[in-house]
Amino acid sequence: MSESKFWKIKQLFIFILVALAANFNYGFSTTYINTSVDQFKNFLNTSLSHRHVVMTETKYDIIWNLFLNCWFVGYFVGVWFSPIFNDKFGRKVGFLIGNSTAFLASILQCLAILWYCPELLIVSRFITSICMAVTYQSCILFLQECSPTHLRGNFSFLSEVSYSSMTMVGSFLGQDYILGSHLLWLCFLVVPFCLFFTLALFLLPETPKFLLISKDSEEQATESVKYYHGVDSDAKQVLEEIRKEAECENDPLEDSTTFRKMKELFTEPHLRMALILSVSALTNTVGLWALLLSSTFFLENANVESEVAEWSTTAMSLAYVSGTVTGGIIIEKVGRRTLLLLFTFLNNLALLAFVFFAKIRILIDPMKYGCLGALIIYGYTYGTGVGPISWFISSELVPQKHRSIAQSVAYAINTLMVVISTFTVLPLYSVIGSYAFVILYSIPSFISMLILFRYLPETKGREIHDIVNELKNK
């Protein structure tokens, strides 16, 4: 094997490691509970019986909803910790704090199962969700700031590839015939991996952009470039491009507070435009989890047989993973703008197709299977362009100083949109049927597409300072 080919494999392995360090636990923890609901119900019943408390449907609903929805609250809280850790101490330190705390939370989760303590289970899930918000943002910053410019899109896609893969693994392992009937082992699965990824992160250098711009350490930045780009890379040229990015900022070396950076995000026109574009892109991601996790309900409502509907989540997950792999391969050939706009449009068509088939099946019953096909296409188009690009595009639109805070604000707004739509979609669906998708997802997505079409620059193969200067001139 030639030295060049060996380096490409090693480089890919490094960035896969970074992606999995955040998304192994994140993806798994998001979905494993959805296929092991009955076992969790048994756990709660046994826990209360040990205290001589009778489990009622009302008590179960309260505890279960707390367990499920504390994730959204914790993630929203964690989003605001990210700029504090990642800007003040560095992307690596933020990553390590998130992962090491998640490791401790995973141990607490196992103890909660052993001790039959639902309160500890809820607390551990809450802590995990805070950590996942921090590590996910650290991961995107790492992938963006360490990648060679011509591979930035490919390596950034690894985050969504790993996340989608782990959501599928979590759903699969949560089945009763795998680990779903053994909650302790299901929860313990992430413990050794959390420890492994935490230890592995110690070996990785800090990102070259943070080292040069924030720490003003050219020597360390040079070593970081050689580590991530290869020893034969032109480190001086890479650092020169990073310096140009620093020049895009007012007083780049000034130790601005998080509050001041947030203020600048809304008062500086180019930063405000970057935020609007980031939120617009993320608007298209809102519908995924309601559709993925409630697909059985939607299909059964369309009169699809229960046996077929129950497999819809698996089919949609496979399509999602396949889409992320496809997108990761073609992103640097097609470009972010083209891929995002094209697949957002196709994603919307899939959603409208579901609405159409759900209504026409009343007249022609076999057309109900078109609903299943529409959901599968939705998963694939989401993975190919909509989801992955939307989650990392904010990092390509702002300079290093504001990257973390812009990411946090965009993610926080997205979290609020997800919570609102998730709690709204089922009640609204019960009233107006599949038209709920049009109101909650299609119309906002169409508006966001207009904004992106008008203002989003192409970022493929371009240095950040070049992209930022284009936004300044708009």
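In this text, all values refer to a predicted model and were calculated from it rather than measured experimentally.

## A word on the environment of T424
And then number 1: Considering the arrangement of structural elements, one finds T424 in helix α21 (residues 400–432).
And then number 2: Looking at T424, the relative accessible area reads 29%, which means it is partly exposed.
And then number 3: With 16 residues separating them in the primary sequence, T424 and L440 have C-alpha atoms 8.5 Å apart.

## Describing the state of the cysteines
And then number 1: What the rule picks out here adds up to zero disulfides.
And then number 2: Counting only cysteine sulfurs, C146 is the nearest neighbor of C139, a cysteine outside any disulfide, at a range of 10 Å.
And then number 3: There is no disulfide at C187, and the cysteine sulfur nearest it, in C110, is 5.8 Å away.
And then number 4: Judged by relative accessible area, C187 falls into the buried class, the value being 1%.

## Let's talk about the nonpolar core
And then number 1: Formed by 76 residues in total, the largest nonpolar core has its most connected members in F354, Y411 and F437.
And then number 2: It is helix α20 (residues 369–397) that contributes the most residues to this core, 12 residues altogether.
And then number 3: Apart from the residues within four sequence positions on either side, F437 is in contact with L291, F298, L351, F354, V355, V425, Y429 and S442.
And then number 4: Listed in part, the 49 residues of the second largest apolar core include L17, A22, L186 and C187.

## With respect to the packing of helix α18 (residues 312–334) against helix α19 (residues 336–360)
And then number 1: Where α18 contacts α19, the two axes come as close as 7 Å, and the packing angle between them is 125°. It follows that α18 is oblique to α19 by the angle criterion. Contacts between α18 and α19 involve G327, I330, I331, E332 and V334 from the first element and R336, T338 and L339 from the second.
And then number 2: Broken down by class, the residue content of the contact of α18 with α19 amounts to four nonpolar, two polar and two charged.

## Points about helix α9 (residues 190–202)
And then number 1: Across its 13 residues, α9 extends 19 Å between first and last C-alpha, which sits within 8% of the 18 Å expected from 1.5 Å per residue.
And then number 2: For α9, every residue scored as buried is listed here: V190, V191, C194, F197, T198, A200 and L201.

Calculation criteria
- Here, residues in each chain are numbered from 1, in the same order as that chain's written sequence.
- The predicted origin of the model limits local features to residues at a pLDDT of at least 70 and limits the giving and counting of side-chain atom pairs to 80 or more, whereas totals for whole chains, interfaces and linings rest on all residues.
- Calculated side-chain values reflect all of the structure's heavy atoms, with hydrogen atoms and water omitted.
- The secondary structure listing takes helices from DSSP runs of H or I that are at least 4 residues long and strands from runs of E that are at least 2 residues long, numbered from the N terminus.
- Relative accessibility thresholds used throughout: buried, under 20% of the residue-type maximum; exposed, over 50%; partly exposed, between the two (1.4 Å probe, protein chains only).
- Any two cysteine sulfur atoms lying within 2.5 Å of each other are counted as a disulfide.
- Grouping buried Ala, Val, Leu, Ile, Met, Phe, Trp, Tyr and Cys residues that are joined through side-chain atoms within 4.5 Å yields what is termed a nonpolar core.
- The contact definition used throughout considers only heavy atoms, calling two residues in contact when any of these lie within 4.5 Å.
- Between the N-to-C directions of two axes lies an angle of 0 to 180 degrees, each axis being a line fitted to C-alpha atoms and, for a helix, fitted only over the stretch in contact.
- Should an angle fall under 35 degrees it is called roughly parallel, over 145 degrees roughly antiparallel, and 65 to 115 degrees roughly perpendicular, with every other angle called oblique.
- As a working rule, the residues Ala, Val, Leu, Ile, Met, Phe, Trp, Tyr, Cys and Pro are called nonpolar, Asp, Glu, Lys and Arg charged, and the rest polar, with Gly in that last group.
- Expected span, for any helix, means 1.5 Å times one less than how many residues it has.

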